[in-house]
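Next come the chains, spelled out residue by residue.
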Amino acid sequence: MRQVEIEWVGIGRKVTVNLEETKNPGLCDLLWESLPYNSIQNHALVSGHHLYHLAPMVKLVYAQAKTREDRTKSPYGTVFLSHLQHLAVKYGDLTEYLSAAAVGQVIPEHLPVLKRAGAEIWDAVYQSKKVIEVRV
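Computed from a prediction, not measured in an experiment: that's the story for all the values here. (Residues numbered from 1 in each chain as written. Predicted model: local features only at pLDDT ≥ 70, side-chain atom pairs only at ≥ 80, totals over all residues. Heavy atoms only, no water.)

Engineer: Just to check I follow, could you spell out the pattern of salt bridges for this structure?
Structural biologist: Any two side chains of opposite charge can pair, given that their charged atoms come close. Going through the model one piece at a time under the given rule, you end up with 8 salt bridges. Arg 2 is the partner of Glu 21 in a salt bridge, and the nearest nitrogen-oxygen pair spans 2.6 Å. In this pair, Glu 21 is assigned in the loop between strand E2 (13-19) and helix H1 (25-33) and Arg 2 in the segment before strand E1 (3-9), connecting sequence segments 19 residues apart. By relative accessible area, which is 28% here, Glu 21 ends up partly exposed. (Salt bridge = Lys/Arg side-chain N within 4 Å of Asp/Glu carboxyl O. Helix = DSSP H or I, 4+ residues; strand = E, 2+ residues; numbered from the N terminus. Buried < 20%, exposed > 50% of the residue type's maximum accessible area, 1.4 Å probe, protein only.)

Put into structure tokens, the structure is as follows:
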């Protein structure tokens, strides 16, 4: 099983993601081939506990997902790729239905770290305006 680390520079948080290659093997390969990369972390403003950043994968614009799922029903820690060139991570409840292509799952022991990172990133986006770099 391949694993990916997501690290949020400046807040000292890092999680490990197991790639779920049976769901979307082509997208997992695309992610793997694009590593490593850096981006700027964002947080959803109205749909709930959802992190996303621009992933430098031009092929995501037209890549086809093998499976898609209702992200509101996906477990916390699910990692998604989208045709908008986003890598997104669900860390809590979501209020907006949107089907998405899951490519991984944060390992269970890192879910508390993910939740803390989400709260700190929310504060950066909503309050402090601190830029949070993400390394994948």
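Read on for the rest.
Engineer: Would you take a moment to explain unusual backbone geometry for this structure?
Structural biologist: It is generally the case that most residues other than glycine have a negative phi and that most peptide bonds are trans. Here the residue pair Leu 35 and Pro 36 is connected by a cis peptide bond, since its omega of -10 degrees sits within 30 degrees of zero. Inspection of the secondary structure puts Pro 36 in the loop between H1 and strand E3 (38-43). Despite not being glycine, Gln 85 shows a phi value in the positive range, around 65 degrees. Of note in the backbone geometry, Lys 129 takes a positive phi value of approximately 65 degrees without being a glycine. Counting through the fold element by element, Lys 129 comes out in the loop between helix H2 (111-128) and strand E9 (133-135).

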